[in-house]
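Understanding the architecture of this molecule
Read off the chains here:
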Amino acid sequence: MKANSKILQRVDMLREKINYHIYRYHVLDDPEIPDAEYDRLMIELRQLEQQYPDLVISNSPTQRIGATPLSAFSQVRHEQPMLSLGNAFDDEEVVNFDRRIRERLHTDHVEYVAEAKIDGLAISLLYENGELMRAATRGDGMTGEDVTHNVRTIDAIPLTLRGSGYPKRLEVRGEVFMSRAGFARLNAHQQKKDEKLFANPRNAAAGSLRQLDPKITAQRPLSFYCYGVGVAEQGVLPKGHYQVVQALRDWGFPVQKEMRLLKDIHACLAFYKQVLAKRDALAHDIDGVVYKVNNLEQQRALGYISREPRWAIAHKFPAQEELTKVSAIDIQVGRTGALTPVARLEPVQVGGVTVTNATLHNESEVLRKDVRVGDIVIVRRAGDVIPEVVSVVLSQRPQKTALFVMPDCCPVCNSKVIKSETVSRCSGGLICLAQRKEGFKHFASRQAMDIEGFGEKLIEQLIDNDQVKTVADLYYIKREVLIGLDRMAEKSADNVLAALEKSKQTTLPRFLFALGVREVGVATARALANHFGSIDKVMNADFDALIKVPDVGPIVANHVMDFFSDERNQKIIQQLIDAGLTWPDIEVNTDSGHFPLAGNTYVLTGTLMTMTRDEAKQQLQALGAKVSGSVSAKTTAVIAGDKAGSKLTKAEKLGIEVLDESGLVELLGSHSL
Ligand code: 5U1
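Here is what the cut-offs are and how they apply
- Residues numbered from 1 in each chain as written.
- Predicted model: local features only at pLDDT ≥ 70, side-chain atom pairs only at ≥ 80, totals over all residues.
- Heavy atoms only, no water.
- Pairing = 2+ DSSP bridges.
- Helix = DSSP H or I, 4+ residues; strand = E, 2+ residues; numbered from the N terminus.
- Axes fitted to C-alpha atoms, helices over the stretch in contact; angles between N-to-C directions.
- Contact = heavy atoms within 4.5 Å.
- Buried < 20%, exposed > 50% of the residue type's maximum accessible area, 1.4 Å probe, protein only.
- Lys, Arg positive; Asp, Glu negative; His and termini not counted.
- Salt bridge = Lys/Arg side-chain N within 4 Å of Asp/Glu carboxyl O.
- Polar contact = N/O pair within 3.5 Å; in protein donor to acceptor, adjacent residues only side chain to side chain.
- Phe/Tyr/Trp six-rings, centres within 6.5 Å; stacked < 30°, edge-to-face > 60°.
- Near = heavy atom within 4 Å.
- Nonpolar A, V, L, I, M, F, W, Y, C, P; charged D, E, K, R; others polar.
- Expected span 1.5 Å × (residues − 1).
- Arc of directions from axis to C-beta.

1. Focus on the sheet that holds strand β23 (residues 637–640)
Spatial strand order, β22-β21-β23-β24: 4 strands in an open sheet with parallel pairing. One side of each edge strand has no neighbouring strand; the edge strands of this open sheet are β22 (626–628) and β24 (657–659). Taking the axes of each pair of neighbouring strands and ignoring which way they run, one obtains an average angle of 30° across the sheet. Pairing geometry for β23 and β24, over 3 bridges, is parallel. Residue pairing for β24: Val638 is matched across the bridge by Val658. Packing of helix α22 (residues 613–622) onto the sheet brings it into contact with β21 (601–605), β22 and β23, and relative to β21 it is tilted by some 170°. Strand contacts of helix α23 (residues 646–654): β21, β23 and β24, with the helix running at about 140° to β21, the strand carrying the most contacts.

This is the structure we're talking about:
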């Protein structure tokens, strides 16, 4: 069918709109419309292109994924070599770098651009007349591989440049990378499908770009930040590196938020410290910072030495992966009896922290990686995740090592271990001291009964001395017993008793969560409480009633029924109530009281230090709030982390309340269960 001018206009308008929203999302980090609206625009464009195939153009936003897989990658010779960077490992090397530059330039003063060094893969993107023509990997710096078909699938990379003023032939360089969250999601997905796991986000990004079938790359969460220009012909670029990167941003390329224009090398050293301090809180791995002379004329005058520019240097951070030796593999028993193998390691500094333990997750993970006592292993600690063993250096394996075997009996209580494919569990229940201790810790924790000052040491002593058997015993404990404990003065004992007394006034969701029913986390406890309204109704609910609760599926329903049908648990609940625990019942079907933030809309912007934006979003939503991507008059408050940008400005303009991170923590704390 031939399209009329109205259809043509509509298709043009849809493409323009979609590209604009991609730019808002990936470059400005400030989406204007919800994802569902964006999806609707894409669906409409796809439908029109299907109806009128003549209208399809190669750089339409619908055409990112090519239909046919490649049989091999072809080679690309870089018109200008892709250089690597010299490294500095301490301040002195950085100061010497600056001294050499100033001597060569015969000047006292050099302005630098400082950037985070993203741990990804360098990529070259060639645009002709504003259209992406070719993408190539760095390779050996002279010749790389043509990965255009895969790079086109990365939404953050524009297929067509925005605005005007760009050189007719323009080669943009930068880093393709995977965020930590994207990497975790990808590995979870790979594991589910029994496919190869990636060791770290960098390897995952590299593996994703080296796919012959672009459909696979399209499913991988790849991102991009630009950091410079190679070839630039038939056009004029600004005279400073910083200004060039700002122009790239205007033309549609994402630029990292960390980039700064600094007046001298001392400011660079301060920048290093700031970025290092927030390294763990960033959404992606970085392995250092880069300093570049800003003035492009000065860069040209300085030139290169053995494929490294004299005008730039990488100031490296402590590595996030190190080698060390496994001295033992211990088994930890969790609250629900799950056994977790933990590698005890010879102490090693990883990313500035001493690491002595690393989780091995479960038996199949240990066997898959074949970790054995005596092995030299690579340990990784990135972000705020628990350190883990990435792989074994098999070439350094000592003779006579033994394959790991999960014990048949619990190492703490000797009860039989029940093994399934993914988890081995001690069958001892509350007989098992380890499970009991973990259960007590959970019961007293902040989101549960919130018994202040009831720490690990105190719980361990009470249980080891057999002074408490069940959590109900806590509320019957005598002052003399507490005073008799190690390092427990009279005043501290009184504080503990006061905290216990205070915790008796609680809420039904908190109480349900505190009981430690398997798979019943904060959100499920809240859902159960809201649905049934009282403890009796939860305890008497049958399977059919339970699976009607939002957030409860058949597995959770069975755990809930198993827990409450156990007479020992019924007795503990009664004892707790007899001890004076109370909470207001919930009026079923009115949710405002227990979704205390219902009706409020928050916008999160900038980098948070104590949690990811996703975690903050989930916690706000669990309290009934809406979390939106854009600021409007309907926004209740904007939560602004570090380097909050245009959303913060807009909130200030509209006179909308702005909370900083401590305000957010307070908000969540005051409304937590
Ligand atoms: N941020 C950033 N990373 N990075 C890597 N800038 C940057 N520049 C590079 C490299 C290899 O090279 C140019 C200085 C040539």
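What follows picks up the thread again.
2. Brief notes about the side chain of Arg279
With respect to the helices and strands, Arg279 occurs in the loop between α9 (265–277) and β10 (286–293). The charged side chain of Arg279 is buried without a salt bridge, its nearest counter-charge being Asp280 at 5.3 Å. Here the side chain of Arg279 touches Pro318 through a polar contact of 2.8 Å, landing on its backbone oxygen.

3. Points about the pattern of salt bridges
Think of it this way: side chains of opposite charge can pair up when their charged atoms draw near. Going through the model one piece at a time under the given rule, you end up with 38 salt bridges. In this structure, Asp30 engages Arg24 in a salt bridge whose closest nitrogen and oxygen atoms are separated by 2.9 Å. Each member of the pair, Asp30 together with Arg24, is buried. Via salt bridges that share partners, Glu79, Glu128, Arg169 and Glu233 belong to a single interconnected network.

4. Here we look at the environment of Leu458
Summarising the element assignment, Leu458 is placed in helix α13 (residues 456–464). Classification of Leu458 as buried rests on a relative accessible area of 8%. Taking the C-alpha atoms as reference, Leu458 lies 9.6 Å from Arg487; in sequence the two are 29 residues apart. Other than its neighbours up to four places away in sequence, Leu458 contacts Gly453, Leu482, Leu485, Met488 and Val496.

5. Considering the packing of aromatic side chains
Considering all chains together, one arrives at 8 aromatic pairs under this definition. Geometrically, the ring pair formed by Tyr166 and Trp251 is edge-to-face, given 6.0 Å between the ring centres and 90° between the ring planes. With Tyr166 in the loop between α4 (148–151) and β7 (169–178) and Trp251 in the loop between α8 (241–250) and β9 (260–262), the pair connects residues that are 85 residues apart, well separated along the chain. A residue is classified by how much of its surface remains accessible, and Tyr166, at 21% relative accessible area, is partly exposed. Each ring, one from Phe563 and one from Phe564, has its centre 5.1 Å from the other, and the planes form 80°; the classification is edge-to-face. For Phe563, a relative accessible area of 15% translates into the label buried. Residue Phe564 is classed as buried on the basis of its relative accessible area of 4%.

6. Comments concerning the site of the ligand
Taken together, the neighbourhood of the ligand is formed by Leu83, Leu85, Glu115, Ala116, Tyr227, Gln256, Val290, Lys292, Trp311 and Ala312. Here a nitrogen atom of the ligand sits 2.8 Å away from a polar atom, N or O, in the side chain of Lys292. Per-class residue counts for the shell around the ligand are 7 nonpolar, 1 polar and 2 charged.

7. Section: the sheet that holds strand β3 (residues 112–118)
Reading across from one edge, β2-β13-β10-β3-β9 is the order of the 5 strands in this open sheet, with mixed pairing throughout. Both outer strands of the open sheet, β2 (86–88) and β9, are each paired with one neighbouring strand and no more. Within this sheet the neighbouring strands show an average axis-to-axis angle of 35°, counted without direction. Packed onto the sheet, α9 meets β3, β9, β10 and β13 (312–316) and runs at close to 165° relative to β10.

8. Quick notes on helix α5 (residues 180–192)
Between its terminal C-alpha atoms α5 stretches 18 Å, which fits the 18 Å expected from 13 residues at 1.5 Å a residue. Buried within α5 are the following residues: Arg180, Gly182, Phe183, Leu186, Asn187 and Gln190. Projected down its long axis, α5 carries its buried residues within an arc of 155°, all on one side. Facing away from the buried surface of α5 by more than 90 degrees, the exposed residues are Arg185 and Lys192. Here the buried face of α5 lies against β7 and α6 (201–209).

9. Topic: unusual backbone geometry
For residues besides glycine, phi is generally negative; the peptide bonds are generally trans as well. With a phi close to 60°, Asp194 is a non-glycine residue in the positive phi region. Residue position: Asp194 is located in the loop between α5 and α6. Its identity as a non-glycine residue notwithstanding, Lys400 has a phi of 60°, on the positive side. Inspection of the secondary structure assignment puts Lys400 in the loop between β18 (388–392) and β19 (417–419). For Lys400, a relative accessible area of 85% translates into the label exposed.

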